[in-house]
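Reading the structure
Single-letter residue listing:
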Amino acid sequence: MVGYDPRAEGPVLSTTEIAAAGSVAGMVTRAIISPLDLIKIRFQLQIEQLSVQNPRAKYHGIWQGCRCILTEEGLPAFWKGHLPAQLLSVTFGAVQVRSPIASPTLPSSCCLSHLELCSTPYDSRNAAVHFVCGGLAACTASVACQPLDTLRTRFAAQGEPKVYQNLRHAVATMYRTEGPLTFYRGLIPTAIAVFPYAGLQFFFYNIFKQVYMWAIPADPDTKGNVRNLVSGSCAGVLSKTITYPFDLFKKRLQVGGFEQARTPFGQVRSYQGFLDCIVKIGQDEGARGYFKGLSPSLLKAAVSTGFIFFCYEFFCNTLLSLK
């Protein structure tokens, strides 16, 4: 885990326990931030400017968007796509927590992971090491989980009446009408963005933890959960802002071929690929179009990153205390 010292004395967690802690932390966090995730996706997919001055815009603010969704689709709509999102969180957390990778620049015995660094001569508290570890582990997890991410986006993008009635229906329909490659729509911007995002997230998390400990010295006997929560939130906000446009590109590409479900929400665009998506958004929506949905995304990043670090280390500490 972040801050884990392989030379420390006392009980240590097994690979299974570490993966379980990461998965449970992902599940708890996903349930909390699901409404923010849905709002973010709706904003990202809207072609019209997110402004009250644009009468054609369906959504133009977080609170207005929440009221609109609540009125038109009901409270359960905020958890549309929650099942594939939970599967995504559990799978992503488990893969990222334990992702052994051999690198030319690191010894083969080095286990690169989301929140763990095992048996390496490098200082596990070094921010640069966490940048590499977080980035490489996230790349592995993203490729494995891309189909679930696409399903989550499709469910969040659809209004009422629903195009996909459940997860099984969505998988069967997408496979039959669009082919197996449709589950990997948006993989290029995902692959480009995931390394710097995850790497920066852990890089900043490690730095913020050190700054926090310097500014607010804590009792060495305490677990530092507040420090982890604050450091994780700040790291998430900063990392998300830097890499945000790639997440928007991914969402636009993931709903390609799904245009019939988007017509009630306003204008619809189709893109021929990653570069075409970048060019058309710039032409039609301007530079601000690349950052649509940034506000709910930053709020989500702060909450999710803070709580996933908080929950992960809480569950790890709990398991250690039971040994």
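In the block above lies the structure referred to throughout.
Below, the structure is looked at part by part. A quick note: this is a predicted structure, and the numbers were derived from the prediction, not measured. (Residues numbered from 1 in each chain as written. Predicted model: local features only at pLDDT ≥ 70, side-chain atom pairs only at ≥ 80, totals over all residues. Heavy atoms only, no water.)

1. A short note on the overall build of the protein chain
- Assigned secondary structure in the protein chain consists of nine helices and three strands.
- Taken from the N to the C terminus, the helices and strands of the protein chain come in the order α-α-α-β-β-β-α-α-α-α-α-α.
- Looking at the protein chain as a whole, 51% of its 323 residues are labelled buried.
- Of all intrachain contacts in the protein chain linking residues separated by at least 6 positions in sequence, the fraction that spans at least 24 positions is 75%.
- Carbon and sulfur atoms form 65% of the exposed surface of the protein chain, whose accessible area is close to 14,700 Å². (Helix = DSSP H or I, 4+ residues; strand = E, 2+ residues; numbered from the N terminus. Buried < 20%, exposed > 50% of the residue type's maximum accessible area, 1.4 Å probe, protein only. Contact = heavy atoms within 4.5 Å. Areas by Shrake-Rupley, 256 points an atom, 1.4 Å probe, with all protein chains shown as cover.)

2. Some remarks on the nonpolar core
- Grouped together as the largest cluster of nonpolar side chains are 23 residues, with contacts concentrated most on Ile39, Tyr59, Ile69, Phe78, Tyr164 and Phe258.
- Of all the secondary structure elements, the ones that give two or more residues to this core are helix H1 (15-45), helix H2 (62-73), helix H4 (127-157) and helix H5 (167-178).
- Per-element tally for this core: the top contributor is H1, with five residues.
- When near neighbours in sequence (up to four residues on either side) are disregarded, isoleucine 39 contacts Ile62, Gly65, Cys66, Ile69, Phe78 and Pro296. (Core = buried A, V, L, I, M, F, W, Y, C linked by side-chain atoms within 4.5 Å.)

3. Points about the packing of aromatic side chains
- Taken as a whole, this structure holds 14 aromatic pairs when the rule is applied.
- Measuring from centroid to centroid gives 6.4 Å for phenylalanine 204 and phenylalanine 208, while their planes differ by 40°, and the two rings are tilted. In this pair, phenylalanine 204 and phenylalanine 208 are both assigned in helix H6 (residues 187-215), four residues apart and thus about one turn of the helix distant.
- You can call phenylalanine 208 partly exposed: its relative accessible area is 27%.
- Residues tyrosine 244 and phenylalanine 291 carry aromatic rings whose centres are separated by 6.2 Å and whose planes lie at 15° to one another, so their mutual orientation is stacked. On the criterion of sequence distance, the pair formed by tyrosine 244 in helix H7 (residues 225-254) and phenylalanine 291 in the loop between helix H8 (274-285) and helix H9 (294-322) is long-range, its members being 47 residues apart. (Phe/Tyr/Trp six-rings, centres within 6.5 Å; stacked < 30°, edge-to-face > 60°.)

4. So, empty space enclosed by the protein
- Enumeration according to the criterion identifies three cavities of 30 Å³ or more in this entry.
- The calculated volume of the second largest cavity comes to roughly 140 Å³.
- The wall of the second largest cavity is formed by 14 residues, among which Leu45, Val255, Arg262, Val268 and Arg269 lie closest to the centre.
- Here the residues of the lining of the second largest cavity are counted per class, giving six nonpolar, three polar and five charged. (1 Å grid on protein atoms, 1.4 Å probe; cavity = no way out; pocket = protein on both sides within 12 Å on 5 of 7 lines; lining within 4 Å. Points joined across faces, edges and corners; volume = space filled by probe spheres on them. Nonpolar A, V, L, I, M, F, W, Y, C, P; charged D, E, K, R; others polar.)

5. Looking at unusual backbone geometry
- For the peptide bond that leads from glutamate 160 to proline 161, omega is -5°, which places it in the cis range.
- Here proline 161 shows up in the loop between H4 and H5.

6. Concerning the pattern of salt bridges
- Inspection of every chain in the model, using the stated rule, returns 19 salt bridges.
- A salt bridge links arginine 154 to glutamate 178; its shortest N-O distance comes to 3.1 Å. In this pair, arginine 154 is assigned in helix H4 and glutamate 178 in helix H5, connecting sequence segments 24 residues apart.
- Taken together, the shared-partner salt bridges in this structure form one network comprising Arg30, Asp37, Lys40, Asp149, Arg152, Asp247, Lys250, Lys251 and Lys300. (Salt bridge = Lys/Arg side-chain N within 4 Å of Asp/Glu carboxyl O.)

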